[in-house]
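# Analysis of the macromolecular model
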Amino acid sequence: MPKLLFVCHANIARSAAAEVLAQSQLGDASAWTVESAGVRALVGEDIDEVIAGALRERGLVPQPHEAQQVTNSMLDSADLVLAFESAHRMWMLRESPKSVRKTFTVRGAAAILDGIPRRAAPLAYLSNVKTSGKDEDFADPYGRGPDVARQAIQEIDLLLSRILPGIDALPRVARSSPQAIRD
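Parameters and conventions
Residues numbered from 1 in each chain as written. Predicted model: local features only at pLDDT ≥ 70, side-chain atom pairs only at ≥ 80, totals over all residues. Heavy atoms only, no water. Buried < 20%, exposed > 50% of the residue type's maximum accessible area, 1.4 Å probe, protein only. Helix = DSSP H or I, 4+ residues; strand = E, 2+ residues; numbered from the N terminus. Polar contact = N/O pair within 3.5 Å; in protein donor to acceptor, adjacent residues only side chain to side chain. Core = buried A, V, L, I, M, F, W, Y, C linked by side-chain atoms within 4.5 Å. Contact = heavy atoms within 4.5 Å. Phe/Tyr/Trp six-rings, centres within 6.5 Å; stacked < 30°, edge-to-face > 60°. Pairing = 2+ DSSP bridges. Axes fitted to C-alpha atoms, helices over the stretch in contact; angles between N-to-C directions. Right-handed = clockwise from strand over helix to strand, strands pointing away.

Taken together, the buried positions of helix α2 (residues 49–57) are Ile51, Ala52, Gly53, Ala54 and Leu55. Where α2 begins, the side chain of Asp48 points an oxygen toward the backbone nitrogen of Val50, at a separation of 3.2 Å. A positive backbone phi angle near 85° is found at Gly59, which sits one or two residues after α2.

Bringing the nonpolar core into the picture now. Ranked by internal contacts, the top residues of the largest apolar core, which has 42 residues, are Phe6, Leu55, Leu80, Leu82 and Ile163. Of all elements in the fold, only β1 (3–8), α1 (14–26), α2, β3 (80–83), α5 (106–114), α6 (122–127) and α7 (146–168) reach the threshold of two or more residues within this core. The dominant element in this core, judged by the number of residues it contributes, is α7, at nine residues. Residues within four places of Leu80 in sequence aside, it is in contact with Lys3, Leu4, Leu5, Trp32, Lys102, Phe104, Leu123, Leu126, Ile163 and Ile167. Listed in part, the twelve residues of the second largest apolar core include Leu5, Ala37, Ala78 and Ala83.

So, on to helix α4 (residues 86–95). The set of residues buried in α4 consists of His88, Arg89, Trp91, Met92 and Leu93. In this structure, the buried side of α4 is in contact with β1, α1, α3 (72–77), β3 and β4 (103–105).

The next subject is the packing of aromatic side chains. Taken as a whole, this structure holds one aromatic pair when the rule is applied. Ring plane angle 80° and centroid distance 5.5 Å describe the contact between Phe84 and Phe138, whose orientation is recorded as edge-to-face. A residue pair is termed long-range when its members are at least 10 positions apart, and Phe84 in the loop between β3 and α4 and Phe138 in the loop between α6 and α7 qualify at 54 residues.

With parallel pairing, four strands are arranged side by side in an open sheet as β2-β1-β3-β4. Pairing within the sheet leaves two strands with one partner each, and these edge strands are β2 (33–38) and β4. Averaged over all adjacent pairs, the angle separating strand axes in this sheet is 25°, with direction ignored. Contacting β1, β3 and β4, α4 crosses the sheet at an angle of about 170° to β4. The sheet contacts of α5 involve β3 and β4, and relative to β4 the element is tilted by about 95°.

With that settled, the discussion passes to the pairing of β3. Residue alternation in β3 divides its side chains into two sets, Leu80 and Leu82 and Val81 and Ala83, and both sets are buried. The sheet contact formed by β1 and β3 spans four bridges and is parallel. Looking across to β3, one finds that Phe6 is bridged to Leu82. The parallel pair β3 and β4 is bridged by α4, and the resulting crossover is right-handed.

Structure below.
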């Protein structure tokens with residue numbers, strides 16, 4: 001099964017919300033498993049209640065969540081790793097340099113996939129494109145109130161709607177095939 005890993009700072013707001021939103025968008029029929037973690041996780045903590053409230057307002061029911069620290073084995077087993085800040089991405093790449101071709105910021109991956117050639121395989125395409133690194137950070141909504149939480153949930157949902165449809169259509173593919181990225 002292909003695996004998608006979301007990573008933020010504490011794993012109680014952005015990445016936890018993205019996990020819920022991605023599972024909802026992908027649906028039960030998807031082959032993808034979705035997980036989240038933090039680079040400085042508040043291990044064992046549940047999703048922030050304000051973030052959970054914003055998800056509930058969208059009709060989603062967050063399952064019990066336990067924040068977890070991202071590990072090398074998580075990074076190694078993931079097919080796609082999406083971070084919420086460039087600093088998170090850089091931290092993971094220092095920990096697991098071999099993850100470079102599958103680790104992106106959420107905004108960076110969405111921007112790359114917006115320009116994907118029509119017949120390209122999204123995972124292969126992502127693995128062969130360099131990120132710009134500019135303006136890819138996603139501000140942490142934690143502790144900033146319900147309006148900011150709602151806005152963050154809406155933006156994460158929109159970004160995922162640009163990323164997930166393409167990757168969900170594919171089984172696990174070799175990411176280095178030049179044939180896969182030709183139009």
